[in-house]
Every structure is written in structure tokens, then in C-alpha cells.
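These are the residues of each chain, in order.
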Amino acid sequence: MTVISAQRDQKKTRIIMMILLAVLLISVSMFLVQRDDSKTIIVTFPNGTQIEAEVADTPEKLLFGLAFQDALPSNGGMIYIFESTGHHRVTTKAYRFPVDMIWVDESRHIVSVMENVQPCQEGTCPWHGSTSDDVRYLIQTEAGFIQRQALTVGGELKYTLHM
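All values derive from a computational prediction rather than experimental measurement.

1. Concerning the state of the cysteines
- In total, this model carries 1 disulfide according to the counting rule given.
- Between Cys120 and Cys125 runs a disulfide, and the two sulfur atoms are separated by 2.0 Å. In this structure the cystine formed by Cys120 and Cys125 twists about its S-S bond by roughly -80°; its chirality is therefore left-handed.
- According to the relative accessible area criterion, Cys125 is buried, its value standing at 9%.

2. Some points on the environment of Pro59
- Among the secondary structure elements, Pro59 is positioned in helix 2 (residues 59–64).
- Overall, the relative accessible area of 62% leaves Pro59 in the exposed class.
- On a C-alpha basis, the gap between Pro59 and Phe82 in space is 9.7 Å, while along the polypeptide they are 23 residues apart.

3. Re the pairing of strand 3 (residues 76–86)
- As judged from the 5 bridges shared by strand 2 (residues 50–56) and strand 3, these two strands associate in the parallel manner. Across the sheet, Ala56 pairs through a bridge with Tyr80, a residue of strand 3.
- Judged from the 5 bridges that link them, strand 3 and strand 8 (residues 135–142) form a sheet pairing that is antiparallel. Considered in strand 8, the bridge of Tyr80 is made with Leu138.

4. Points about unusual backbone geometry
- With a phi angle near 55°, Asn75 is a residue other than glycine that sits in the positive phi range.
- Tracing the backbone shows Asn75 in the loop between helix 2 and strand 3.
- The phi dihedral of Asn116 falls on the positive side, at around 50°, and the residue is not glycine.
- Structurally, the position occupied by Asn116 is in strand 6 (residues 110–117).

5. Quick word on the sheet that holds strand 5 (residues 99–104)
- Spatially, 6-5-8-3-2-1-9 is the arrangement adopted by the 7 strands of the open sheet, whose pairing is mixed. Each having just a single partner strand, strand 6 and strand 9 (158–162) make up the two edges of the open sheet. Strand-to-strand twist of the sheet, defined as the mean angle between neighbouring strand axes without regard to direction, takes the value 30°.

Rules used in this analysis
- Residues numbered from 1 in each chain as written.
- Predicted model: local features only at pLDDT ≥ 70, side-chain atom pairs only at ≥ 80, totals over all residues.
- Heavy atoms only, no water.
- Disulfide = S-S within 2.5 Å.
- Buried < 20%, exposed > 50% of the residue type's maximum accessible area, 1.4 Å probe, protein only.
- Helix = DSSP H or I, 4+ residues; strand = E, 2+ residues; numbered from the N terminus.
- Pairing = 2+ DSSP bridges.
- Axes fitted to C-alpha atoms, helices over the stretch in contact; angles between N-to-C directions.

These values are about where atoms sit, not about what they do.
Structural data, given as C-alpha cells:
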């Protein structure tokens, strides 16, 4: 009986160890796998043109924006969603390409535009802001987008959450 009892105990121990190892591997893999938590919004401009804009709604994304990215995808951009309406500023530090900036109020009307804002690589970089204190959103697109789409202050935008 003692040999059979010892074999059962060894078998139970091996099963418990395998279960613990499986749980450990699953836990580690959850931390190592990069999850793409980025959200996108489809922005429709007054002339019907649409872009797919990555949402900057975390402190890190609001601070860094498009920094360190090599380029924007075609018909792509970034939309900053600020916590409150007000005067907001951003920098293009560590950007690798120029951008157009479209400043938008809470009712989704364009309140200010900045074209061909150059990237800043070194030293003290300028902060760019709207001429309006009523900004809730900032949309950054590839340079030249504002001119190609003939965007003007007052134009109304539509947003659609892309899942």
C-alpha cells in the first residue's frame, strides 16, 4: 500500500506543478504581448473627405502626439481630445514630418488652422496653440491637407467612433 500511496502522491504533485506552470506561462504571456489599445475616430470634413484619426486621450498621447512616428498613413491623422474646452498648446518635438493643425470647438466647428507646422528635433521647441480659447479638439494631418481640402474657420466636422 505504501508504494501505491507514494505513486499517487507523486502523480498529484506532478499535476499540481503542471497547472501552476501553465498559470505562470499564461500570466507572463499577458504582460509580454503588446495590446493595441489605440482607438480611432473617422473624421468627416465639410466637403465629405474622411480621415481615420488615432485618438490621443491619455496623458502620454496628449504629450507626445505623433512624435517618433515615421509618417502618417494615407488619409490618417491624430485627434487630440482635451479634458475641457480652453486654450491648449502642443509641440512638434521629435516629430519626423510637418503637419497641419485643425483646432476644433466642442460643437465640432473649426475655430483655427495652422498649416505646414515644421517638426522640431533639438533644443527648445515652440508650443503651438489656437487663436481661440474655445478648443476641445485638435486634429493633426499631413502637411498640405488644409489647402487641398480648402478648409476654413467655421466648417463643421462629423466624428464616428471606429471599432
